[in-house]
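Working through the structure, step by step
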Amino acid sequence: ITVPVSSNSPWLMSVGASTHDRRPTGHVTGTKANGASIEFTGMSLTSGLASTALVDALALGNNLCDTFNAAQATQVAGKVVVCHQGTIGRVQKGINVQAAGGVGMILIGQAGTGNSVLADTHVIPTVMIGDNDGTTLRAWLVGAGSPHATLQGTQIETSTNLADRMAGFSSR
């Protein structure tokens with residue numbers, strides 16, 4: 001359907017980008033030996049992962065999950081790793097976790113973005129949660145005894161509430 005839109009020269013057309021009524025949702029369930037469990041909903045385009053030991057890359061001195069050194073890699077091997085978005089690509093973080101022997105990732109959105117999340121195709125099971133949820137997760141991890149995470153694989157969520165949101169980068 002063509003809709004006439006008046007555009008100021010030199011533009012020949014206006015383009016808008018908006019959302020549709022579905023999104024690839026992923027869920028994280030955290031458990032620990034000395035306290036209550038915790039759950040988050042984010043976005044994912046990967047398979048799931050059964051309950052697996054959890055480590056926070058921040059505690060290892062590698063919050064952004066840049067290339068892990070040998071000492072860090074021993075702490076990452078066989079675990080789900082909590083990483084924070086920023087500086088290096090989101091998918092590269094998962095590649096770095098995998099190269100260090102990690103088997104899954106919880107990616108926390110960039111600082112200051114609230115609970116805004118994106119879905120990427122990662123090389124290991126991954127769920128991206130928002131910055132606000134990441135702050136809650138990291139507070140929950142403080143003093144946690146034997147923390148574990150279960151990552152639920154992608155489920156397509158459908159809702160009319162998801163549709164017709166204009167993208168921030170769209171020409172309005």
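This text follows the structure it describes.
Here is a short report on the structure shown in this document. Fair warning: this is a prediction, and the values are worked out from it, not measured in the lab.

Rules used in this analysis
Residues numbered from 1 in each chain as written. Predicted model: local features only at pLDDT ≥ 70, side-chain atom pairs only at ≥ 80, totals over all residues. Heavy atoms only, no water. 1 Å grid on protein atoms, 1.4 Å probe; cavity = no way out; pocket = protein on both sides within 12 Å on 5 of 7 lines; lining within 4 Å. Points joined across faces, edges and corners; volume = space filled by probe spheres on them. Helix = DSSP H or I, 4+ residues; strand = E, 2+ residues; numbered from the N terminus. Nonpolar A, V, L, I, M, F, W, Y, C, P; charged D, E, K, R; others polar. Contact = heavy atoms within 4.5 Å.

1. Quick look at the layout of surface pockets
The volume enclosed by the largest pocket comes to roughly 490 Å³. Together, 19 residues line the largest pocket, and Thr19, Arg23, Met43, Val117 and Arg165 are the ones closest to its centre. Where the lining of the largest pocket is concerned, the elements lending two or more residues are strand 1 (22-32) and strand 2 (35-43). Residue contributions to the lining of the largest pocket peak at four residues, all from strand 1. The class makeup of the residues in the lining of the largest pocket is seven nonpolar, eight polar and four charged.

2. Some details on the side chain of Asn62
Tracing the backbone shows Asn62 in the loop between strand 3 (49-56) and helix 1 (70-76). Setting aside residues no more than four positions away along its own chain, Asn62 makes contact with Ala57, Thr67, Phe68 and Gln72.

Read these as geometric descriptors, not functional statements.
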